[in-house]
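For reference, the chains in residue letters:
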Number of protein chains: 2
Amino acid sequence: MARRIRIGIYGYGNVARGAERAIAKSSDMRLEAVFTRRSPDTIRTLTPGVTVAAAENVTEYKDKIDVMLLCGGSATDLPEQGPELAKHFNIVDTYDTHAKIPEYLEAVNAQSVSNKKAAVISVGWDPGVFSLMKAMLSSMLPDGKNYAFWGPGVSQGHSDAIRRIDGVTGAVQYTVPSDDVMNEVRNGSLKDYTVRQKHKRICYVSVKEGADKDRIADSVKRMPYYFSDYDTEVIFVPGDELEKEHSGMPHAGSVLRNGITGSDEKYTTEFSIKFDSNPGFTGSVMAAFARAAFRFHAEGNFGAKTILDIPVSYISEKSRDQLIKETL
Amino acid sequence: MARRIRIGIYGYGNVARGAERAIAKSSDMRLEAVFTRRSPDTIRTLTPGVTVAAAENVTEYKDKIDVMLLCGGSATDLPEQGPELAKHFNIVDTYDTHAKIPEYLEAVNAQSVSNKKAAVISVGWDPGVFSLMKAMLSSMLPDGKNYAFWGPGVSQGHSDAIRRIDGVTGAVQYTVPSDDVMNEVRNGSLKDYTVRQKHKRICYVSVKEGADKDRIADSVKRMPYYFSDYDTEVIFVPGDELEKEHSGMPHAGSVLRNGITGSDEKYTTEFSIKFDSNPGFTGSVMAAFARAAFRFHAEGNFGAKTILDIPVSYISEKSRDQLIKETL
């Protein structure tokens, strides 16, 4: 049997722990080391006995790591870490600032190519598996429309936005798709829907004693971009209830493409996911794509790729022959 | 703009007409010619003005066709036509005898490689898009189970099997999945289900006057492999009703993978399709993969590939850069 792929994790938050749990379920890889900007002795990994090292010493591990999973955030971490670590490692990341992906891809690609490394950027569910489904189904049903629905599930970005309002001590925001609109789309609708028709937002909020709840609810509902385009409900709850009832990170989502061939033959396709842990799924996708980075590197196929550039056989634990025999 | 991909269709049945309708919706390809073993002047194509030629003269079109779509059947046509036409053309086919795919792949690959052509075999929905989903989701959620449900929809193979019974003048068989079992799986079940629990079969049958209906119903229900493992219902209807009510070819299907990370974090993923025309979808998938065969050939990447070997960017009408910018 081939030796296990030696994985490094750079940055140790929720997605990193998701990746760690996925690696533990994969018989062809092994977590070699975790790198952190915090003090390494404050980190307790889920995997017993794994090395925890300071991020600044990462290049010392160049020959011990086959693929590095970059688990930092897209706002400030990855734009710097991606191109830098691509000089020394094969990398996988979850860069998700959609509008800047082409620019980021080019920056990582330049370093990967000139240092003979392989990189896979922007994996996860969106960008990621959802992008793949949209591209695939649009290619197969060119005369049609894509629809995406999110939730029911927690949005970290929206929860954070509420927490920044004065007087708020805690907040969890659920994005909830409209059942009626989803059912119309599942039944072949090709209509356009507004943002407001497709989703509503439900916010559980805890506040300081004596805080003006009307003002806070109003601030949430009027917040541009995050809430003003949606029907938003604000529910005030005590802090301990928020902690107890709303601390999980479940999420769900669906992408659909409805299409037509000939004059009136209708096709409806749907990909849906639903999970207890959003970062758990993202980490699992990263682990699968570590195989692709490892294989591309072994083949001398250097540079940065996206999920749209990678055959599925490259992310499977199985050999191509075995996969074709068992799956096709 | 690049010139259109010139497509040939070899064999002109339902799937071929599905491919033809898909080509008509694709601005980057053009149907160049249809090849038939019947007399060419008996064929009326959907596309006005397209050349219809005798199958035996196909090699005369070597330089006029970029990609040939092989629309014959898997039982006797493709095992012979695939390797033969792969000598002269880039091909796409729907070979679907699951157990023999590795052998067929090798036979086509040998001819494609030595004649510097590109081939894409076994596309459609199963084998095809469903295989891709199973391989992808199994790679991402290694600790889990796959489930597949078919229908409600018409199965040609099962309908044909009934028609071979003495006294039967017509038959249409619907495969119907169990709602209860599907809902259990959609809610994260990791149980095993029997064939009988997952699907039932409903057969609309017309018979000769005076035929023994009890004997025929019994013959259907006891037929090994096709019906004996299922709860099968046989409904006798007049021939004209069968023609009027059951001549469409709608179908539907779902593949699901439920998985676990850590000790108890659950993930449910589902890909579903539902369509008015089964061969319409198969033909649409073939047309999309014609782009891959064309591009592989242009890059000098010869040989036979499956859907598991092909990045999604190769089947899109868009350039890679445009696809990444717009989809990721």
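Residues numbered from 1 in each chain as written. Chains lettered and ligands numbered in written order. Predicted model: local features only at pLDDT ≥ 70, side-chain atom pairs only at ≥ 80, totals over all residues. Heavy atoms only, no water.

A. Spotlight on the overall build of chain A. Helix and strand counts for chain A stand at 11 helices and 14 strands. A globule of 328 residues ought to have a C-alpha radius of gyration of about 20 Å, and chain A, at 22 Å, matches this closely. A buried classification covers 56% of the 328 residues belonging to chain A. The long-range share in chain A, meaning contacts at least 24 apart out of those at least 6 apart in sequence, stands at 69%. Seen as two clouds, the 41 positive and the 43 negative side-chain charges of chain A have centres 4 Å apart. (Helix = DSSP H or I, 4+ residues; strand = E, 2+ residues; numbered from the N terminus. Rg over C-alpha atoms; globule rule 2.2 N^0.38 Å. Buried < 20%, exposed > 50% of the residue type's maximum accessible area, 1.4 Å probe, protein only. Contact = heavy atoms within 4.5 Å. Lys, Arg positive; Asp, Glu negative; His and termini not counted. Charge placed at Lys NZ, Arg CZ, Asp CG, Glu CD.)

B. Layout of the sheet that holds strand 6 (residues 118–120) of chain A. All names here are of chain A. Strand order in the open sheet formed by 7 strands is 3-2-1-4-5-6-14, with parallel pairing between adjacent strands. Edge positions in the sheet fall to strand 3 (51–54) and strand 14 (303–305), since each has one partner strand and no second. For this sheet the average axis-to-axis angle between neighbouring strands, irrespective of direction, equals 25 degrees. Sheet strands in contact with helix 2 (residues 77–85) are strand 1 (5–10), strand 4 (67–70) and strand 5 (90–93), and its direction is about 175 degrees off that of strand 4. Lying over the sheet, helix 3 (residues 101–114) contacts strand 5, strand 6 and strand 14, oriented at roughly 145 degrees with respect to strand 14. (Pairing = 2+ DSSP bridges. Axes fitted to C-alpha atoms, helices over the stretch in contact; angles between N-to-C directions.)

C. Up close: the packing of aromatic side chains. Summed over all chains, the structure comprises 31 aromatic pairs over all chains. Ring geometry for A:Phe275 and A:Phe281: centres 4.9 Å apart, planes at 15 degrees, overall stacked. For A:Phe281, a relative accessible area of 0% puts it in the buried group. The ring of B:Tyr61 carries the charged tip of B:Lys64 above its face, separated from the ring centre by 5.3 Å. The lysine or arginine in question, B:Lys305, covers the ring of B:Phe296, its NZ or CZ lying 4.6 Å from the ring centre. (Phe/Tyr/Trp six-rings, centres within 6.5 Å; stacked < 30°, edge-to-face > 60°. Lys NZ or Arg CZ within 6 Å of the ring centre and 35° of its normal.)

D. Expanded view of the interface of chain A and chain B. Taken together, the contact between chain A and chain B spans 66 residues of the former and 66 residues of the latter. Taken together, both faces of the contact between chain A and chain B bury some 5,500 Å²; the carbon and sulfur share is 65%. Ranking the residues of chain A by area buried against chain B places A:Lys25, A:Met140 and A:Leu328 at the top, with a combined share of 15%. Connecting chain A to chain B are 6 salt bridges. A salt bridge links B:Asp309 to A:Arg320; the shortest N-O distance between them is 2.8 Å. Our enumeration of links across chain A and chain B arrives at 23 residue pairs in polar contact (both at pLDDT 80 or more). The set of elements that each furnish at least two residues to the side of chain A that touches chain B consists of helix 3, helix 4 (129–140), strand 12 (251–261), strand 13 (265–275), helix 10 (278–298), strand 14 and helix 11 (320–327) of chain A. A per-class count over the side of chain A that touches chain B returns 32 nonpolar, 18 polar and 16 charged. Relative to strand 13 (residues 265–275) of chain B, strand 13 of chain A runs antiparallel, the two sharing 9 bridges. (Buried area = accessible area lost by both parts, 1.4 Å probe. Salt bridge = Lys/Arg side-chain N within 4 Å of Asp/Glu carboxyl O. Polar contact = N/O pair within 3.5 Å; in protein donor to acceptor, adjacent residues only side chain to side chain. Nonpolar A, V, L, I, M, F, W, Y, C, P; charged D, E, K, R; others polar.)

E. Representation of the confidence of the model for chain A in the model. Averaged over every residue, the pLDDT of chain A is 95; residues scoring 70 or more account for 100%. Interface confidence for the predicted complex, given as ipTM, is 0.92, next to a pTM of 0.93. (pLDDT = per-residue confidence, 0-100.)

F. Here's a closer look at the pattern of salt bridges. This structure, assessed with the given rule, holds 34 salt bridges over all chains. Of the charged contacts, one joins B:Glu317 and B:Arg291 as a salt bridge, the two residues approaching to 3.4 Å between their closest N and O atoms. Placement of the pair is B:Glu317 in the loop between strand 14 (303–305) and helix 11 (320–327) and B:Arg291 in helix 10 (residues 278–298), with a sequence separation of 26 residues. Put simply, A:Arg3, A:Arg6 and A:Asp66 are held in one network by salt bridges that share partners.

G. Examining the side chain of A:Arg6 more closely. Looking at the element boundaries, A:Arg6 is found in strand 1. Not counting residues up to four positions away in its chain, the partners in contact with A:Arg6 are A:Arg30, A:Glu32, A:Asp63, A:Lys64, A:Ile65, A:Asp66 and A:Val67.

H. Structural view of the sheet that holds strand 9 (residues 168–177) of chain B. Residues and elements named next belong to chain B. The strand order 8-9-10-11 describes an open sheet built from 4 strands, whose pairing is mixed. Whereas interior strands pair on both sides, the edge strands pair on one side only; in this sheet they are strand 8 (153–154) and strand 11 (231–236). As paired elements, strand 10 (residues 199–207) and strand 11 share 6 bridges and run parallel to each other. Each residue of the ladder has a partner; that of Tyr204, found in strand 11, is Ile235. The sheet contacts of helix 5 (residues 156–163) involve strand 8, strand 9 and strand 10, and relative to strand 9 the element is tilted by about 145 degrees. Helix 8 (residues 213–222) rests against strand 9, strand 10 and strand 11 of the sheet, and its axis sits at about 150 degrees to strand 11.

I. Molecular detail of the relation of the copies chain A and chain B. With an axial shift of 0.0 Å and an RMSD of 0.1 Å, the rotation relating chain A to chain B amounts to 180 degrees. Look at the turn and shift together and you get a two-fold axis relating the two. A shared interface surface links the copies, since 100% of the contact residues of chain A are contact residues in chain B too. (Least-squares fit on C-alpha atoms with pLDDT ≥ 70 in both.)

J. Structural context of helix 2 of chain A. Among the residues of helix 2 of chain A, A:Asp77, A:Leu78, A:Gln81, A:Gly82, A:Pro83 and A:Leu85 are the ones counted as buried. Here the buried face of helix 2 of chain A lies against strand 1, strand 4, strand 5 and helix 3 of chain A.

K. Representation of the environment of A:Asn187 within the structure. Residue and element names in this part refer to chain A. Along the polypeptide, Asn187 turns up in the loop between helix 6 (179–186) and helix 7 (195–198). Judged by its relative accessible area of 59%, Asn187 is exposed. Each C-alpha atom of the pair Asn187 and Asn258 lies 9.0 Å from the other, and the pair is 71 residues apart in sequence. From its side chain, Asn187 meets the backbone oxygen of Asn183 in a polar contact 2.9 Å long.

L. Seen up close, the pairing of strand 12 of chain A. Residue and element names in this part refer to chain A. Burial of strand 12 is extensive: 11 of the 11 residues sit out of reach of the surface. Side chains of strand 12 alternate between two faces, with His251, Gly253, Val255, Arg257, Gly259 and Thr261 and Ala252, Ser254, Leu256, Asn258 and Ile260 buried alike. Across 7 bridges, the pairing between strand 7 (residues 144–150) and strand 12 is antiparallel. Note on strand 12: the bridge partner recorded for Lys145 is Asn258. The turn linking strand 12 back onto strand 13 is made up of 3 residues, and Gly262 within it adopts a positive phi angle of 60 degrees.

M. Fine view of the packing of helix 4 of chain A against helix 4 (residues 129–140) of chain B. Where helix 4 of chain A contacts helix 4 of chain B, the two axes come as close as 13 Å, and the packing angle between them is 175 degrees. Classified by the angle between their axes, helix 4 of chain A and helix 4 of chain B sit roughly antiparallel to one another. Packed against helix 4 of chain A, whose contacting residues are A:Val129, A:Leu132, A:Met133, A:Met136 and A:Met140, the element helix 4 of chain B presents B:Val129, B:Leu132, B:Met133, B:Met136 and B:Met140 at the interface. Taken together, the residues of the contact of helix 4 of chain A with helix 4 of chain B break down into 10 nonpolar, no polar and no charged. (Parallel < 35°, antiparallel > 145°, perpendicular 65-115°, else oblique.)

N. Structural detail: the packing of helix 1 (residues 14–24) of chain A against helix 10 of chain A. All names here are of chain A. Running from N to C, helix 1 and helix 10 cross one another at 55 degrees; their axes reach a closest spacing of 7 Å. The angle between helix 1 and helix 10 falls in the class oblique. Note on packing geometry: the crossing formed by helix 1 with helix 10 is right-handed. For the pair helix 1 and helix 10, the contacting residues are Asn14, Val15, Gly18, Ala19, Arg21, Ala22 and Ile23 in the first and Pro279, Gly280, Thr282, Gly283, Ser284, Met286 and Ala287 in the second. (Left-handed = near helix turned anticlockwise from the far one by under 90°.)

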